[in-house]
Amino acid sequence: MEEDLLLSSYTYTLPESCIAQQPKLPEHNAKLMICSLQATGDLLYEDQIFADLPNYLDERYMLFLNSTKVFKARIPLHNTKIRRKTGQELLLETGELLIYAIHSKTQFECLVSDNKNFRPGSQIFLWEGVVFRSLEFTANGILFEISSENPSETSVQIFDFLEKKGEMPLPPYIRYEKEKEKRYQTFFAEKLGSAAAPTASLHFTPELVKRLEQKGVEFQFPCLHVGLGTFKPVYEEHIQQQKLHFEPMILESDIRKTIADAKLAGKRFLPIGTTMIRYLESLPYIRRFLKKKNLNIAVDYATRDRRDHLTKTIDEKLVEEFIPEQEVCVEKPQFSSIPEKMIIQTRLFIRPGIPFLLTDELITNFHLPKSSLMILISAFIGRKNLLEAYQRAIQAGYKFYSFWDGMRAKKQTDQ
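All values reported here derive from a predicted model rather than from experimental measurement.

Notes on the confidence of the model for the protein
Thought 1: With 85% of its residues at a pLDDT of 70 or more, the protein shows a mean pLDDT of 86.
Thought 2: Predicted confidence for residues 313–339 stays below pLDDT 50, and this span has 46 contacts to residues more than four positions away or in other chains.

So, in C-alpha cells, the structure goes:
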C-alpha cells in the first residue's frame, strides 16, 4: 500500500507512435480493452471496439456522460503589444494564454507562457480594441479582466471574445491543426464551461447511443466543468498530500431521486470518463445529498466527515453574474429542499484506499503517467494491474490519450 501512495510508482514508458494525433473515424470504431478484475486480484483481458458495447450492455445499465461544453480557451499571441504597470511598452513576438477558469462575464484565470510580461498591472492589447488587464497572481496563474480599449464602447464579455478569436484547447501532445478542433467536442455537449474535453465520451456517436438505447440502456447527462483539477499534473511524491483544484459540477433538482431509484432498481452505474466518476463519487460527500432517507449508500461516516471539505457551494455573487438567475440557483445554508439547479465545487481526489460508493464499473481512456486520472483508475483495479494493462495495451498497438482507444474496467461479478 505504501508504494501505491508514491507518485513515482505511477510511471511508464510510452513510445511516441502510441500517442494518437487523429481520432479514429467513426469514433465508435476505436479499440476498447476490457479489463475484468478476478477474485484472485488478477485481470482478464478481452479486445473489443466501442461499437461492440450494445452486445454487452442492457437495461440493467445506467451510463453517465458529461454534458459539459468546451470553450475556446487557448489564445495564441503574435506580435502583441503589452504595456507594463510602469508605462513601458514592448512587443511580444509569440506567447499564449490558456483560460482554465471563468469567474464572471469579464474576469477569468489563465495559465500564461510568460509571467514576467503578464505581471499584475500589465495590459495586453489584442484584436479589435480588446484589452486584457492583469489583476493579480493566483495560486495557479493570473487573474485577468477583459475590457475595451475605448471606455465609451459597450463592455466586452469573455465568452463572446473567445468564440471569435480563441482556439480549442487541444492538449500539448496533439499537434494543433484547425480541422481537429471539431473532433474535440462531444455531440451532446450542452453547458459551456470546460477548458478540456471529457475525452472518453468522444467515442459515443449518435449511432452508438441509439443502439444502446434500443438495448434498454439508460443515459444520464450530468455536468462537471473540466479545469485544473483534471489536467494539472500531480507533484506531491506522497500523493495523499496532493490537493486537486476545485471544479464546478451542476446538480439538477431530481439527481438524488434518480440515483436512489436507479440503485433500488438494481441498476449498474457505468460512468464514462474520469470526470463522471468524480461527479458520481462526490455526491455522497454532499451532506444534503446524504439526507435523502431512501438513498442507501454504505458510506463510512468517519470518512465522510473527514472529506466533507472536498465539496463546497460556489460563490453566489459570481454565479449570479456568470449564469442568468433563471438558469441556476445556488444552495443556501438553510435550504430544506434542493433547488432546481445548484452548483457545487469538488476537488475529490480518488486514490488507492478511497472507496467507490456509486461506481460499479467504468470506461476511460489511457492516461498520462503520474496523473491524478491514472491514480484514480488504479484505485479501482489496483496499481500493478493498471500498469500491466497499460503495457499490454502498448504491445497490442492501442493508441493513448485524448483521441482513439480506451478501456473498460469491471469486477468479477460484472457481466
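Description of the sheet that holds strand β18 (residues 362–365)
Thought 1: One open sheet accounts for four strands, arranged β2-β1-β19-β18; its pairing is mixed. Of all strands in the sheet, those bounded by a partner on one side alone are β2 (43–49) and β18. Within the sheet, the average angular offset between the axes of one strand and its neighbour, ignoring direction, is 25°.
Thought 2: Packed onto the sheet, helix α9 (residues 372–381) meets β1 (31–37), β2, β18 and β19 (406–411) and runs at close to 30° relative to β19.
Thought 3: Across the sheet, helix α10 (residues 383–395) touches β1, β2, β18 and β19, and the angle it forms with β2 is around 40°.

Description of the packing of aromatic side chains
Thought 1: Counting across every chain of the model gives 21 aromatic pairs.
Thought 2: Measuring from centroid to centroid gives 6.0 Å for tyrosine 12 and phenylalanine 400, while their planes differ by 45°, and the two rings are tilted. Placement of the pair is tyrosine 12 in the segment before β1 and phenylalanine 400 in the loop between α10 and β19, with a sequence separation of 388 residues. When sorted by exposure, tyrosine 12 lands in the same class as phenylalanine 400, which is buried.
Thought 3: Following the ring pairs from residue to residue traces out a cluster consisting of Tyr12, Tyr173, Phe366, Tyr390, Tyr398, Phe400 and Tyr401.
Thought 4: Its guanidinium or amino end placed over the ring of phenylalanine 125, lysine 81 lies 4.4 Å from that ring's centre, counting from NZ or CZ.

Quick word on the environment of valine 112
Thought 1: Here valine 112 shows up in strand β7 (residues 107–112).
Thought 2: For valine 112 and glutamate 96, which are 16 residues apart along the polypeptide, the C-alpha to C-alpha distance reads 6.1 Å.
Thought 3: Not counting chain neighbours up to four residues away, the residues in contact with valine 112 comprise Glu96, Leu97, Phe118, Ile142 and Phe144.

Notes on the pattern of salt bridges
Thought 1: For the structure on display, the rule yields 17 salt bridges.
Thought 2: Close ionic contact of glutamate 96 with arginine 74 constitutes a salt bridge, the shortest N to O distance being 3.1 Å. In this pair, glutamate 96 is assigned in strand β6 (residues 89–102) and arginine 74 in strand β5 (residues 74–83), connecting sequence segments 22 residues apart.
Thought 3: A salt bridge links aspartate 261 to lysine 257; the nearest nitrogen and oxygen atoms lie 2.6 Å apart. Of this pair, aspartate 261 and lysine 257 both sit in helix α4 (residues 255–264), four residues apart, which is roughly one turn of that helix.
Thought 4: The network of salt bridges with common partners includes Glu3, Asp4 and Arg383.

Quick notes on the sheet that holds strand β12 (residues 218–220)
Two strands in a sheet stick together by hydrogen bonds in their backbones, pointing the same way (parallel) or opposite ways (antiparallel).
Thought 1: Reading across from one edge, β12-β3-β15 is the order of the three strands in this open sheet, with parallel pairing throughout. Each edge of the open sheet is held by one strand with a lone partner, namely β12 and β15 (268–271). Strand-to-strand twist across the sheet, computed as the mean angle between neighbouring axes with direction ignored, equals 25°.
Thought 2: Taken together, the three bridges between strand β3 (residues 61–64) and β12 define a ladder with parallel strand orientation. Among the inter-strand pairings, phenylalanine 64 is bridged to a residue of β12, identified as glutamine 220.
Thought 3: Against the sheet, helix α5 (residues 274–282) contacts β3 and β15, and its axis sits at roughly 135° relative to β15.

So, the pairing of β6
Thought 1: Pairing analysis gives nine bridges linking β5 to β6, with the strands arranged antiparallel. Across the sheet, residue lysine 81 finds its bridge partner in β6, namely leucine 91.
Thought 2: Hairpin connection, β5 to β6: the antiparallel pair is bridged by five residues, and glycine 87 has positive phi, about 100°.
Thought 3: A loop of four residues connects β6 with β7, the two strands running antiparallel in sequence.

Side note on unusual backbone geometry
Thought 1: A cis amide bond links leucine 25 to the next residue, proline 26, at an omega of -10°.
Thought 2: With respect to the element layout, proline 26 can be found in the segment before β1.
Thought 3: In this structure, lysine 370 takes a positive phi of about 60° despite not being glycine.
Thought 4: Considering the arrangement of structural elements, one finds lysine 370 in the loop between β18 and α9.

A few points about the pairing of β1
Thought 1: Judged by how many residues are buried, β1 sits mostly within the fold: six of seven residues are covered.
Thought 2: Bridge analysis of β1 against β2 gives seven bridges, and the strand direction is antiparallel. Across the sheet, the residue bridging to isoleucine 34 is glutamate 46, located in β2.
Thought 3: With antiparallel pairing between neighbouring strands as the criterion, β1 and β2 make up a hairpin whose turn holds five residues, including glycine 41 at a positive phi of roughly 95°.
Thought 4: Relative to β19, β1 runs parallel, the two sharing six bridges. Directly across from isoleucine 34, in β19, lies its bridge partner arginine 408.

Cut-off values and rules
Residues numbered from 1 in each chain as written. Predicted model: local features only at pLDDT ≥ 70, side-chain atom pairs only at ≥ 80, totals over all residues. Heavy atoms only, no water. pLDDT = per-residue confidence, 0-100. Contact = heavy atoms within 4.5 Å. Pairing = 2+ DSSP bridges. Helix = DSSP H or I, 4+ residues; strand = E, 2+ residues; numbered from the N terminus. Axes fitted to C-alpha atoms, helices over the stretch in contact; angles between N-to-C directions. Phe/Tyr/Trp six-rings, centres within 6.5 Å; stacked < 30°, edge-to-face > 60°. Buried < 20%, exposed > 50% of the residue type's maximum accessible area, 1.4 Å probe, protein only. Lys NZ or Arg CZ within 6 Å of the ring centre and 35° of its normal. Salt bridge = Lys/Arg side-chain N within 4 Å of Asp/Glu carboxyl O.

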